[in-house]
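Single-letter residue listing:
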Amino acid sequence: MTTRIQATLIPGDGIGPEIVDATLAALDALGAPFEWDRQIAGLGGVQASGDPLPVATLDSIRRTHLALKGPLETPSGGGYRSSNVRLREEFQLYANLRPARTIVPGGRFDKIDLVVVRENLEGLYIGHEHYVKIDEDPHAVAIATGINTRAGCRRLLDYAFNTAVVTGRKKVSIVHKANIMKALTGVFLETGLELYERKYKGKFELDTVIIDACAMKLVLNPWQFDMLVTTNLFGDILSDLVAGLVGGLGMAPGANIGADAAIFEAVHGSAPDIAGKGIANPIALMLAAGMMLDHCKLPDLATRLRTAIDETLNIDKVRTGDLGGTASTTQFTQALVSRIKT
């Protein structure tokens, strides 16, 4: 008998509940052994308890160490920080893993298979910012402080390098801006080069590339890259750029990995303008669920899920509107479930 796996489920806001239901249908068809503890966050958390991340939700993740979440909307106005950033900080989810793979061929770019590994807790995203008032202008000067630590860089780079070895990646590119930001990103580059020489040399090819050159090269010839590893802000930008190579954020899953917890998500927003219309593309969250299956040492189920998505799109030609089709969320899900059960 398969051991049940306790996991937290956060449907999220906007289209979140719709794509979560679609993903659960796919996981149920696979017989995935998750036992879900359903919790709320985002706007739902504010409405229920006055907090986008209620205590019960945080306690659930502390207990399960594993979560699947839909998109969360951060309420406008002062007093509310990004729920995604808070989750990363709360559970020290230091690594953000963002794969991008061509599923629907024939686009501007084809046969893309890239992974971006982003440091998740440091850099400019720590939010140490303030204004300096001059005369009558309270915002006359804006100051932000970025912090990268040797330990934080080493932890992220070691995770990325080890992932490259385990998953058979042939080349890893350290993306930096050490020519200008010599300290802040220089420590990341320096740590990566030292770690490679000491522990990983010969296991894959390592190169380094400056962030702006990397962005240009990704548009001109993305096939020259295999895995990109970089700091927080650069990773935020490059992971969306890479998603654009394979059809946009609707095809982009993400994993946030820490020593004691992992949270898997669709990286797109809550899309309130289409919420409730039944037209949302659930593929990003389904692919995130595939990453979750891999994380839980269930690679066969993960492969079946990804294969079923490929076949539904390319053999059955069932696609949602953002992919040039006419299928509703429910119609796509039904076709996918039929493929899984075939």
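> Is there a simple way to explain the pairing of strand 1 (residues 5-10) in this structure?
Here is the key point about a regular strand: its side chains alternate between the two faces of the sheet. For strand 1, the tally of buried residues reaches five of six residues, placing the bulk of the element in the interior. Bridging between strand 1 and strand 2 (residues 34-38) involves five bridges; their strand directions are parallel. Residue pairing for strand 2: Gln6 is matched across the bridge by Glu35. As for the winding sense of the linkage, the β-α-β connection from strand 1 through helix 1 (residues 16-30) to strand 2 is right-handed. With three bridges joining them, strand 1 and strand 3 (residues 66-69) adopt parallel strand pairing. Counted as the bridge partner of Thr8 is Ala67 from strand 3.

> When you look at empty space enclosed by the protein in this model, what are you seeing that I'm missing?
To find the voids left in a structure, one rolls a probe of water-molecule size over its atoms. Summed over all chains, the structure comprises two cavities of 30 Å³ or more. If you add up the space inside the largest cavity, you get close to 50 Å³. If you go around the largest cavity, the residues you meet are Val85, Arg88, Glu89, Asn120, Leu121, Tyr125 and Asn232. No other element matches the three residues that helix 4 (residues 83-90) contributes to the lining of the largest cavity. Partitioned by chemical class, the residues of the lining of the largest cavity number three nonpolar, two polar and two charged. Empty space within the second largest cavity amounts to approximately 40 Å³. As for the second largest cavity, its lining consists of Lys69, Asn84, Leu87, Arg88, Leu93, Asn256, Ile263 and Glu265. Counting only elements with at least two residues in the lining of the second largest cavity, the list comes to helix 4 and strand 12 (262-266).

> What is the right way to read the packing of helix 5 (residues 150-167) against helix 6 (residues 186-200) from this model?
Geometry of a packed helix pair, given as the angle between the helix axes and the separation of the axes. The interhelical angle for the contact between helix 5 and helix 6, taken along N-to-C directions, is 50°, at an axis separation of 9 Å. In terms of their interaxial angle, helix 5 and helix 6 are classed as oblique. Handedness of the crossing formed by helix 5 with helix 6: right-handed. Within the contact between the two elements, helix 5 uses Arg150, Cys153, Arg154, Leu156, Leu157, Asp158, Phe161, Asn162 and Val165 and helix 6 uses Val187, Phe188, Glu190, Thr191, Gly192, Leu195, Tyr196, Arg198, Lys199 and Tyr200. Split by residue class, the contact of helix 5 with helix 6 holds ten nonpolar, three polar and six charged.

> Help me out: how do you make sense of the pairing of strand 6 (residues 123-134) in this one?
Examined bridge by bridge, strand 6 and strand 7 (residues 137-147) share seven bridges and lie antiparallel to one another. Pairing of Gly123 across the sheet is with Ile147, part of strand 7. Between the antiparallel neighbours strand 6 and strand 7 lie two residues, among them Asp135 with a positive phi of about 55°.

> What am I meant to see in the sheet that holds strand 12 here?
The sheet built from ten strands is open, its strands ordered 2-1-3-12-11-4-5-10-8-9 with mixed pairing. The sheet terminates laterally at strand 2 and strand 9 (205-210), the two strands that pair on one side only. On average, each strand axis in the sheet is inclined to that of its neighbour by 25°, with strand direction left out of account. Packing against the sheet, helix 8 (residues 232-245) makes contact with strand 4 (95-101), strand 5 (113-119), strand 8 (171-176) and strand 10 (227-230), and its axis sits at approximately 160° to strand 5. Where helix 9 (residues 283-295) meets the sheet, its contacts fall on strand 1, strand 2, strand 3, strand 4, strand 11 (253-257) and strand 12, and the angle it forms with strand 12 comes to roughly 160°.

> Sorry, what's going on with helix 9 here?
Residues spaced three or four apart along an α-helix point in a common direction, a consequence of the helix completing one turn every 3.6 residues. In a regular helix each residue adds 1.5 Å, so 13 residues correspond to 18 Å; helix 9 covers 18 Å between its end C-alpha atoms and thus fits that length. Extensive coverage of helix 9 is indicated by the burial of eleven of its 13 residues. Among the residues making up helix 9, those that are buried are Ile283, Ala284, Leu285, Met286, Leu287, Ala288, Ala289, Gly290, Met291, Met292 and Leu293. Lys297 occupies a position one or two residues after helix 9 and carries a positive phi of about 60°.

Parameters at a glance
- Residues take numbers from 1 onward in each chain, read along the sequence in its written order.
- Predicted model: local features are reported for residues with pLDDT of at least 70 only, side-chain atom pairs are reported and counted for 80 or more only, and whole-chain, interface and lining totals are derived from all residues.
- For side-chain calculations, the full set of non-hydrogen atoms in the structure is used, while hydrogens and water are omitted.
- Buried, partly exposed and exposed residues are distinguished by accessible area as a fraction of the type maximum, computed with a 1.4 Å probe on protein chains only: under 20%, between the cut-offs, and over 50%, respectively.
- Secondary structure elements follow DSSP: runs of H or I of four or more residues count as helices, runs of E of two or more count as strands, with numbering from the N terminus.
- The criterion for strand pairing is that DSSP finds at least two bridges linking the strands in question.
- Classification remark: right-handed applies to a crossover when, strands pointing away from the viewer, the course from the first strand over the helix to the second runs clockwise.
- Using protein atoms alone on a 1 Å grid, points that fit a 1.4 Å probe yet trap it form a cavity, whereas open point sets bounded by protein on both sides within 12 Å along at least five of seven lines form a pocket; residues with an atom within 4 Å of a point count as lining.
- Grid points are joined across faces, edges and corners, and a volume is the space filled by probe spheres set on the points.
- Amino acids are sorted into nonpolar (Ala, Val, Leu, Ile, Met, Phe, Trp, Tyr, Cys and Pro), charged (Asp, Glu, Lys and Arg) and polar (every other residue, Gly among them).
- All axes are obtained by fitting lines to C-alpha atoms, using only the stretch in contact for helices, and the reported angles, taken between N-to-C directions, cover 0 to 180 degrees.
- Geometric relationships in this document are graded by angle, where less than 35 degrees denotes roughly parallel, more than 145 denotes roughly antiparallel, 65 to 115 denotes roughly perpendicular, and other angles denote oblique.
- By definition, any crossing whose near helix is turned counterclockwise from its far helix by less than a right angle is left-handed, and any crossing with a clockwise turn is right-handed.
- Two residues qualify as a contact provided that any one of their heavy atoms is within 4.5 Å of a heavy atom in the partner residue.
- To estimate the expected span of a helix, count its residues, drop one, and scale the result by 1.5 Å.

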